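Listed below are the residues making up each chain.
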Amino acid sequence: MNWKIRAVLVSIITYCTCFCVTVCLCVFGIIGKIGRIDGTPPVYVAESFDIDTDREDTIHEEEIVFMTSSRIRPSEDVINILLVGKDVKEGEPERGRTDSMILVSLNRNEKKISMVSFMRDCYVMIPGYSNNKLNAAYNIGGYELLDETIKLNFGIDIDYNVGVNFTSFTKIIDQIGGIDVELTQEEADYILKKTKKKEGLSAGMNHLSGKQALWYARTRYVGTETESNDFGRTSRQRLVLQTVCSTVSGMPINELTSMAYEMAGDIETDMSVPDMISLGTELYGMGISGINSYRIPCGNEYTDEVINRMMVLVIDFDKAQQHLDEWLYMPE
């Protein structure tokens, strides 16, 4: 072989090797910062009830129809990842009630990704405990009990959990240069109030910083033009996630690596390293900007009730499971 050709080949091989090693070091450096949910039995705490009204009960437990069997037809081609949004501040307990619960479902057969928000005020059965709001399950028994509660009430098997601190949320938004979101005047006024600003936002399309986007996604006291209160909040959360995913999908690899490194310390998961790499690649390859967005409960398939001085959503579990089966598994 000509020595010049050999030299070129050696240079190419050396470059490719160094590139691969660098990429691996970056990937494992990022993964090394991610917190681990190691599968050890969680520490259970005494159950608590979110007392939020002095009104009399509007319904009795006996009137609620819970599911005794699952309508879900599981498939090995569907992977369910539960995103748990938490707001852990310095000096506060590590585990409180979940601020948001969003199921990200990957259907390999259909090549589709779906997001489903579970309303935190859904009144559910919690295995081994009293019936309570859905967001109490994590507080009592961590991810394990939350997964069991979702399985019992909605028939969905959770394959993986990902816990996200809202600190990382603002970091991501700021690193991608903010996001464009259309606001109502009421939403704009609310964000200005919370960020202690007098101007800068108005009805229509606005460019939001990380802090502004966080207040936009977390407010439960301002409705959208089509949804009220907490329903509007879950809709905003899914919209922000979709907007971020769409923006991130077009970013250069070096910027993605930098962003991932910055936010890794605010994330925890029970995925193995190979699972994180393979699922991340798979999700990215499917086109993460084209995500289907849903909510449980949907439509008019619930009633607002008061139980034990708690304002709750009593939902139609049969219809909820039917929707989840169609949305995620898409049976023929």
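Values in this document were obtained by computation on a predicted structure and should not be read as measured data. (Residues numbered from 1 in each chain as written. Predicted model: local features only at pLDDT ≥ 70, side-chain atom pairs only at ≥ 80, totals over all residues. Heavy atoms only, no water.)

A. Structural context of the confidence of the model for the chain. Predicted confidence across the chain gives a mean pLDDT of 79, with 78% of residues reaching 70 or more. Taken element by element, the predicted model of the chain shows its lowest mean pLDDT in helix H1 (residues 3-33) (42) and its highest in strand E5 (residues 123-124) (96). Across residues 2-29, where pLDDT falls below 50, the model places seven contacts with residues more than four positions away in sequence or in other chains. (pLDDT = per-residue confidence, 0-100. Helix = DSSP H or I, 4+ residues; strand = E, 2+ residues; numbered from the N terminus. Contact = heavy atoms within 4.5 Å.)

B. Representation of the packing of helix H4 (residues 185-194) against helix H5 (residues 210-218). Contact geometry for H4 and H5: axes closest at 9 Å, N-to-C directions at 120°. Judged by the angle between their axes, H4 and H5 are oblique. Two packed elements cross with a definite hand, and for H4 against H5 that hand is right-handed. Residues Glu187, Tyr190, Ile191 and Lys194 of H4 form the contact with H5, whose participating residues are Gln212, Trp215 and Tyr216. (Axes fitted to C-alpha atoms, helices over the stretch in contact; angles between N-to-C directions. Parallel < 35°, antiparallel > 145°, perpendicular 65-115°, else oblique. Left-handed = near helix turned anticlockwise from the far one by under 90°.)

C. Summary view of the nonpolar core. Grouped together as the largest cluster of nonpolar side chains are 46 residues, with contacts concentrated most on Leu134, Leu146, Phe154, Ile156, Ile296 and Leu324. Taken together, the elements giving at least two residues each to this core come down to strand E2 (78-86), strand E3 (100-107), strand E4 (112-118), E5, helix H2 (136-154), strand E13 (310-315) and helix H9 (317-329). Here this core gets nine residues from one element, more than from any other, and that element is H2. Here Leu324 is in contact with Ile72, Val116, Phe118, Phe154, Ile156, Ile296 and Tyr329, once residues within four sequence places are set aside. Counting residues in hydrophobic clusters, the runner-up holds 21 residues, among them Ile176, Leu183, Leu201 and Val240. (Core = buried A, V, L, I, M, F, W, Y, C linked by side-chain atoms within 4.5 Å. Buried < 20%, exposed > 50% of the residue type's maximum accessible area, 1.4 Å probe, protein only.)

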